[in-house]
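Coordinates in review
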Amino acid sequence: MVKIGLPRKEREKLRHREEILAVALRLFSEKGFHNVSIQEIAEESEFSVGTLYNFFDSKEQLFVELMEAGIEKIGQLLLPILDSDQEEEKTLSEFIRAHVDIIGGNVEFIKLYVSQYGMSTSANPMLKDISVLKTTIAAKLESLIKAGIQKQIFRRVHPEIVALSLRATLEAFGFESSEH
């Protein structure tokens, strides 16, 4: 997103960077990270290879920035829902509905993530951010379910298992949806 308060040259530089990221995301999600070259990204974004290297040290750095931005965006959508002061049933319902919006608005990111990593987040330092996000969401979801049980809104169930099952179901839905 280009910031208005910046000088024109800085806004233009940010816009160019965003254009490059958008093209790279599209190409990576269509063809896979290893099947796309910096040259191809440069041609598609209508910049020179040198210009791309002014913005990113490598194709790998470009990829990492795409992953981090996607993870941050998902966190910005889900965490405020789980942190809300609404009734547990309404919060849980919103959390589930938000996944439909996430899938609809981030198909390329989800497709890229699935093609590169599947559902695994282990043993890859590049996936530390998503692992932290998953852990945070799991803890907040479990707390939400516990609170709903205590208030007798939800049936007595094992909160950790229900939270894990719900997350797995929503992730599977997202992964499957990204294929179609």
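Everything discussed here concerns the structure shown above.
For clarity, every value in this text was computed on a predicted model and none was experimentally measured. (Residues numbered from 1 in each chain as written. Predicted model: local features only at pLDDT ≥ 70, side-chain atom pairs only at ≥ 80, totals over all residues. Heavy atoms only, no water.)

Observations concerning unusual backbone geometry
Keep in mind that most residues, glycine aside, have a negative phi and that most peptide bonds are trans. Which entries qualify depends on this criterion: Helix numbering and strand numbering both begin at the N terminus, where a helix is a DSSP run of H or I of at least 4 residues and a strand a DSSP run of E of at least 2.
Residues other than glycine seldom take positive phi values, yet glutamate 46 does so here, at roughly 65°. For glutamate 46, the position within the fold is in the loop between helix H2 (38–45) and helix H3 (49–55). Even without being glycine, glutamine 152 reaches a positive phi, approximately 60°. Tracing the backbone through its elements, the reader meets glutamine 152 in the loop between helix H7 (128–150) and helix H8 (159–179).

Let's talk about the pattern of salt bridges
For clarity, the cut-off: The term salt bridge refers to a pairing of a side-chain nitrogen on Lys or Arg with a carboxyl oxygen on Asp or Glu at a separation within 4 Å. When a residue's accessible area, from a 1.4 Å probe over protein chains only, is under 20% of the maximum for its type it is buried; when over 50% it is exposed; and in between it is partly exposed.
All chains considered together, the criterion is met by 11 salt bridges. Linking glutamate 30 and arginine 26 is a salt bridge whose minimum nitrogen-to-oxygen distance equals 3.8 Å. Within this pair, glutamate 30 and its partner arginine 26 are both found in helix H1 (residues 8–31), separated by four residues, close to a single helical turn. Under the relative-accessibility criterion, glutamate 30 is labelled partly exposed at 48%. Between glutamate 142 and lysine 146 there is a salt bridge, and its shortest N-O distance comes to 3.5 Å. Remark: lysine 146 and glutamate 142 occur in helix H7; sequence separation between them is four residues, near one turn of the helix.

Here we look at the nonpolar core
Operational definition: By nonpolar core we mean a set of buried residues, namely Ala, Val, Leu, Ile, Met, Phe, Trp, Tyr and Cys, connected to one another through side-chain atoms within 4.5 Å. Between two residues, a contact is recorded if the distance between any of their heavy atoms is within 4.5 Å.
Core analysis: the largest hydrophobic core is formed by 48 residues, its most contacted members being Ile20, Phe28, Ile41, Leu62, Phe95 and Leu141. Elements supplying a minimum of two residues to this core: H1, H2, H3, helix H4 (59–82), helix H5 (88–105), helix H6 (107–117), H7 and H8. Apart from the residues lying within four places of it in its own chain, the contact partners of phenylalanine 95 are Leu78, Ile81, Leu82, Ile137, Leu141, Leu166 and Leu170.

With respect to the packing of H1 against H6
In helix packing, the relevant descriptors are the interaxial angle and the interaxial distance, both defined with respect to the helix axes. Keep this limit in mind: Between the N-to-C directions of two axes lies an angle of 0 to 180 degrees, each axis being a line fitted to C-alpha atoms and, for a helix, fitted only over the stretch in contact. Roughly parallel refers to an angle under 35 degrees, roughly antiparallel to one over 145, roughly perpendicular to one between 65 and 115, and oblique to any angle outside these ranges. Note on convention: near helix rotated counterclockwise from far helix by under a right angle means a left-handed crossing. Clockwise means right-handed. For this classification, Asp, Glu, Lys and Arg are treated as charged, while Ala, Val, Leu, Ile, Met, Phe, Trp, Tyr, Cys and Pro are nonpolar and the rest, including Gly, are polar.
Viewed as axis vectors pointing N to C, H1 and H6 meet at an angle of 50°, and their least axial separation amounts to 8 Å. As summarised for this structure, H1 and H6 are arranged oblique, according to the angle between their axes. Classified by chirality, the crossing of H6 by H1 is left-handed. Residues Leu25, Arg26, Phe28 and Ser29 of H1 touch H6, and the partners they reach there are Glu108, Phe109, Lys111 and Leu112. Looking at the contact of H1 with H6 residue by residue, the classes come out as four nonpolar, one polar and three charged.

As for the side chain of lysine 59
To keep things clear, this is the line we draw: Neither His nor the chain ends is counted toward charge; the positive residues are Lys and Arg and the negative residues Asp and Glu. Counted as a polar contact is a pair of N or O atoms within 3.5 Å, where, for protein atoms, one must be capable of donating a hydrogen and the other of accepting one, and residues adjacent in sequence contribute only when both atoms are in side chains.
Within the fold, lysine 59 resides in helix H4. For the buried lysine 59, which has no salt bridge, the nearest side chain bearing the opposite charge is glutamate 60, at an N-O separation of 5.6 Å. A distance of 2.9 Å separates a polar atom in the side chain of lysine 59 from the backbone oxygen of phenylalanine 33. Ignoring any residue separated from it by four or fewer positions in sequence, one finds lysine 59 in contact with Phe28, Phe33, His34, Val36 and Ile38.

Re the packing of H1 against H2
Look at H1 against H2: their axes get within 9 Å of each other, and the N-to-C directions meet at 125°. As the angle between them shows, H1 and H2 are arranged oblique. Crossing of H1 against H2: the hand is right-handed. Contacts between H1 and H2 pair Ile20, Val23, Ala24, Arg26, Leu27, Phe28 and Lys31 from the former with Glu40, Ile41, Glu44 and Ser45 from the latter. Here the contact of H1 with H2 is composed, by residue class, of six nonpolar, one polar and four charged.

Looking at the packing of aromatic side chains
Note the threshold: Note on aromatic contacts: the rings of Phe and Tyr and the six-membered ring of Trp form a pair at centre separations within 6.5 Å, being stacked when their planes are under 30 degrees apart, edge-to-face when over 60 apart, and tilted otherwise.
Applying the stated criterion to the full structure yields five aromatic pairs. Relative to phenylalanine 63, the ring of phenylalanine 33 has its centre 4.8 Å away and its plane inclined at 50°; by these criteria the two rings are tilted. Of this pair, phenylalanine 33 sits in the loop between H1 and H2 while phenylalanine 63 is found in helix H4, placing the two residues 30 residues apart along the sequence. A relative accessible area of 7% means that phenylalanine 33 is categorised as buried. A centroid spacing of 6.4 Å and a plane angle of 45° characterise the contact between phenylalanine 55 and phenylalanine 56, whose relative ring orientation is tilted. You can call phenylalanine 56 buried: its relative accessible area is 2%. Following the ring pairs from residue to residue traces out a cluster consisting of Phe28, Phe33 and Phe63.

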